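Given next are the chains, with one letter for each unit.
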Amino acid sequence: MEQVELRFDPASQASETHTNLSAVRHDDTGLWVAGDETATIEHLARTGAHYAGQRTFRLADYVPLPAGPEDEADVEGLARADGHLWAVGSHSLKRRRVKSTDPAKAAKRLATVLREENRFILVRLPLDPATNAPLPGAILSGRHNLAAHLEDDPHLAPFLALPGKDNGLDIEGIAVLDKRVYLGLRGPVLRGWAVVLEIRPVETEPGRLRLSEPYRKHFLDLGGLGVRDLCPYGRDVLLLAGPTMDLDGPVRVVRWRVHRSGDVVPAEELETVAELPYGIGCDHPEGLALLPDGRLMIVYDSPSPERITPEGGVLADVITI
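None of these values were measured; they are calculated from a predicted model. Within each chain, residue numbers correspond to sequence positions counted from 1 in written order. Totals for whole chains, interfaces and linings use every residue, but because this is a predicted model, local features are given only for residues with pLDDT of at least 70 and side-chain atom pairs only at 80 or more, for both listing and counting. Side-chain descriptors were evaluated using all non-hydrogen atoms of the structure, hydrogens and water having been removed beforehand.

Enquirer: I tried to follow the packing of aromatic side chains on my own but got confused; where do I start?
Expert: By convention here, two paired aromatic rings are described through the distance between centres and the angle between planes. Two rings from Phe, Tyr or Trp (for Trp, the six-membered ring) form a pair when their centres sit within 6.5 Å of each other. Planes less than 30 degrees apart are called stacked, planes more than 60 degrees apart edge-to-face, and all others tilted. The final tally for this structure, using the stated rule, is 3 aromatic pairs. Here Trp-32 and Phe-57 contribute two aromatic rings whose centre-to-centre distance is 5.7 Å and whose plane-to-plane angle is 45°, an arrangement assigned as tilted. Residue Trp-32 is located in strand 3 (residues 30–35), and its partner Phe-57 is located in strand 5 (residues 50–58); the two are separated by 25 residues in the primary sequence. A relative accessible area of 0% means that Trp-32 is categorised as buried. Think of it in three bands: with a 1.4 Å probe and only protein chains considered, a residue is buried below 20% of the maximum accessible area for its type, exposed above 50%, and partly exposed in between. When its relative accessible area of 10% is taken as the criterion, Phe-57 is described as buried. Clustering of aromatic rings is evident, with ring pairs tying together Trp-32, Phe-57 and Tyr-62. Directly above the aromatic system of Phe-120 lies the positively charged group of Arg-115, at a separation of 3.9 Å from the ring centroid. Think of it as a cone above the ring: NZ of Lys or CZ of Arg counts as a charge over the ring if it is within 6 Å of the ring centre and within 35 degrees of the ring normal. Sitting over the face of the ring of Tyr-300, Arg-307 holds its NZ or CZ atom 3.9 Å from the ring centroid. Under the DSSP-based scheme used, a helix requires at least four consecutive residues in state H or I and a strand at least two consecutive residues in state E, with every element numbered from the N terminus.

Written as structure tokens, this is what we have:
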């Protein structure tokens with residue numbers, strides 16, 4: 001296993017984007033990355049042996065965010081296809097963290113569930129061919145958001161009122177193949193089976209995405225794990241599979257031959273191509289990107305101190321499969 005440094009500017013270091021990485025995608029000019037604590041997308045250029053030259057793009061400059069420009073969007077997946085950059089929010093509710101040893105205060109925080117509207121977005125931005133910078137795009141949000149489409153779903157509707165970390169709805173990966181958008185769910189996991197949604201969004205009016213046809217569900221036997229990211233691999237999809245709850249591991253990369261499978265995909269139709277290391281309370285694999293040489297880059301949420309570099313960067317892993 002090799003490692004490569006991703007260097008971030010002082011503003012991103014201050015907002016801790018480099019320690020909250022949740023998504024990564026490679027293109028000809030470098031890396032697109034996102035953290036789950038802001039409403040921005042970052043681009044890092046390949047500079048010698050590392051990635052640097054950060055450019056930051058605020059989502060609110062390109063689409064109307066439902067809760068305004070400052071609230072976090074909890075971007076959990078990025079995709080690049082057909083001259084567009086896609087970003088998806090988690091679409092999850094959030095239970096407050098326990099921050100006090102006082103039992104009454106801890107219990108009160110655990111009873112508080114928050115809904116943040118910027119999490120409920122799917123964004124598609126065209127990229128300027130000359131600068132590789134986003135242009136004004138389109139968004140699926142508001143009363144047409146993806147969670148709203150699931151309100152009568154027999155499998156997923158019961159989980160919409162649960163926070164993501166409680167096995168509630170939690171989108172954590174996106175891949176685009178043949179105009180189809182695949183969304184991997186960290187949760188819910190249904191008796192050990194993970195869920196991937198397949199949708200086909202279209203721009204029905206300027207700046208607004210809608211589903212052009214009913215969504216499709218795929219159930220994958222990942223042995224109790226959820227989907228933490230998706231990445232196209234030719235005509236197949238690689239899944240970063242990890243715990244749906246607030247656990248450390250296990251984490252593995254699984255190959256899904258989409259065009260050969262139906263809606264229910266048993267374990268024998270899925271190929272584990274890599275087992276990934278993970279830490280205890282740190283080094284949680286969150287993003288997966290295919291590099292031009294066929295290797296995979298893995299970025300981590302809550303990186304261990306050993307991954308933080310003196311230049312304000314963080315180390316990602318590069319593996320061969």
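Enquirer: Can you walk me through the side chain of His-218 in this structure?
Expert: With respect to the secondary-structure elements, His-218 resides in strand 17 (residues 216–221). Throughout this description, a polar contact denotes any pair of N or O atoms lying within 3.5 Å of each other; where both atoms belong to protein, one of them has to be capable of donating a hydrogen while the other can accept it, and for residues adjacent in sequence the pair is counted only when both atoms sit in side chains. Within the structure, the side chain of His-218 is placed 2.7 Å from the side chain of Glu-198, a separation counted as a polar contact. Should any heavy atoms of two residues lie within 4.5 Å, those residues are considered in contact. If we ignore the near neighbours within four places in the chain, the residues touching His-218 are Tyr-182, Ala-194, Val-195, Val-196, Glu-198, Trp-256, Gly-262 and Asp-263.

Enquirer: Sorry if this is basic, but what is going on with the sheet that holds strand 25 (residues 313–319) here?
Expert: Sheets are built from strands that pair by backbone hydrogen bonding, the pairs being arranged parallel or antiparallel. Only strands that DSSP links by at least two bridges are regarded as paired with each other. As summarised here, the arrangement of the 8 strands in space is 2-3-4-5-1-25-24-23, forming an open sheet in which the pairing is mixed. The sheet terminates laterally at strand 2 (21–27) and strand 23 (284–290), the two strands that pair on one side only. Within this sheet the neighbouring strands show an average axis-to-axis angle of 30°, counted without direction. Summarising the sheet, strand 2 and strand 3 pair through 6 bridges and their orientation is antiparallel. From the neighbouring strand, Leu-21 faces strand 3, where its bridge partner is Gly-35. Helix axes are fitted only over the stretch in contact, all axes being lines through C-alpha atoms; the angle between N-to-C directions runs from 0 to 180 degrees.

Enquirer: Mind showing me how you'd approach the pattern of salt bridges here?
Expert: Pairing is possible between side chains that carry opposite charge, provided their charged atoms lie close to one another. By convention in these notes, a salt bridge is any Lys or Arg side-chain nitrogen within 4 Å of a carboxyl oxygen on Asp or Glu. Evaluated as defined, the whole model comprises 29 salt bridges. Across the pair Arg-216 and Asp-263 runs a salt bridge whose closest N-O atoms are separated by 2.6 Å. Linking Arg-216 in strand 17 with Asp-263 in the loop between strand 20 (251–256) and strand 21 (264–265), this pair joins segments that are 47 residues apart in sequence. One continuous salt-bridge network, built from bridges that share partners, spans Glu-72, Asp-74, Lys-94, Glu-116 and Arg-119.

Enquirer: Explain the environment of Glu-198 here, please?
Expert: Summarising the element assignment, Glu-198 is placed in strand 14 (residues 193–199). In sequence terms Glu-198 and Tyr-182 are 16 residues apart; their C-alpha atoms lie 4.6 Å from each other. Residue contacts for Glu-198: discarding those within four places in its chain leaves Arg-180, Val-181, Tyr-182, Tyr-215, Arg-216 and His-218.

Enquirer: Is there a simple way to explain the pairing of strand 24 (residues 296–301) in this structure?
Expert: Here is the key point about a regular strand: its side chains alternate between the two faces of the sheet. The element strand 24 is extensively covered by neighbouring structure, given that 6 of its 6 residues are classed as buried. Side-chain alternation along strand 24 places Leu-296, Ile-298 and Tyr-300 on one buried face and Met-297, Val-299 and Asp-301 on a second face that is also buried. Relative to strand 24, strand 23 runs antiparallel, the two being bridged by 6 bridges. If you follow His-284 over to strand 24, its bridge partner there is Asp-301. The turn joining strand 23 and strand 24, which pair antiparallel and follow one another in sequence, is formed by 5 residues; a positive phi near 90° is taken by Gly-294. As judged from the 3 bridges shared by strand 24 and strand 25, these two strands associate in the antiparallel manner. Each bridged residue has a counterpart across the sheet, and for Met-297 the counterpart in strand 25 is Val-318.

Enquirer: How do you make sense of the sheet that holds strand 20 when you look at a structure like this?
Expert: Read across the open sheet, the 4 strands follow the order 18-19-20-22; overall the sheet is antiparallel. For this open sheet the edge positions go to strand 18 (226–233) and strand 22 (270–276), each flanked by a neighbour on one side alone. On average, each strand axis in the sheet is inclined to that of its neighbour by 25°, with strand direction left out of account. Bridge analysis of strand 20 against strand 22 gives 6 bridges, and the strand direction is antiparallel. By the bridge assignment, Trp-256 is partnered in strand 22 with Leu-270.

Enquirer: Where do I start with the nonpolar core in this structure?
Expert: Nonpolar side chains in soluble globular proteins tend to be buried together. For the purposes of this section, nonpolar cores are sets of buried Ala, Val, Leu, Ile, Met, Phe, Trp, Tyr and Cys residues that join through side-chain atoms within 4.5 Å. In this structure, Trp-86, Leu-122, Leu-146, Ile-174 and Leu-183 are the most contacted members of the largest nonpolar core, which totals 28 residues. Those elements that provide at least two residues to this core are strand 6 (75–81), strand 7 (84–89), strand 11 (138–140), helix 3 (146–149), strand 12 (170–177), strand 13 (180–190), strand 14 and strand 16 (208–211). Non-local contacts of Ile-174, meaning those with residues more than four positions away in its chain, are made with Arg-25, Gly-77, Leu-78, Ala-79, Trp-86, Val-88, Leu-122, Val-181, Tyr-182, Leu-183, Asp-229 and Leu-230. Core analysis: the second largest hydrophobic core is formed by 21 residues, Trp-32, Tyr-62, Ala-133 and Ile-139 among them.

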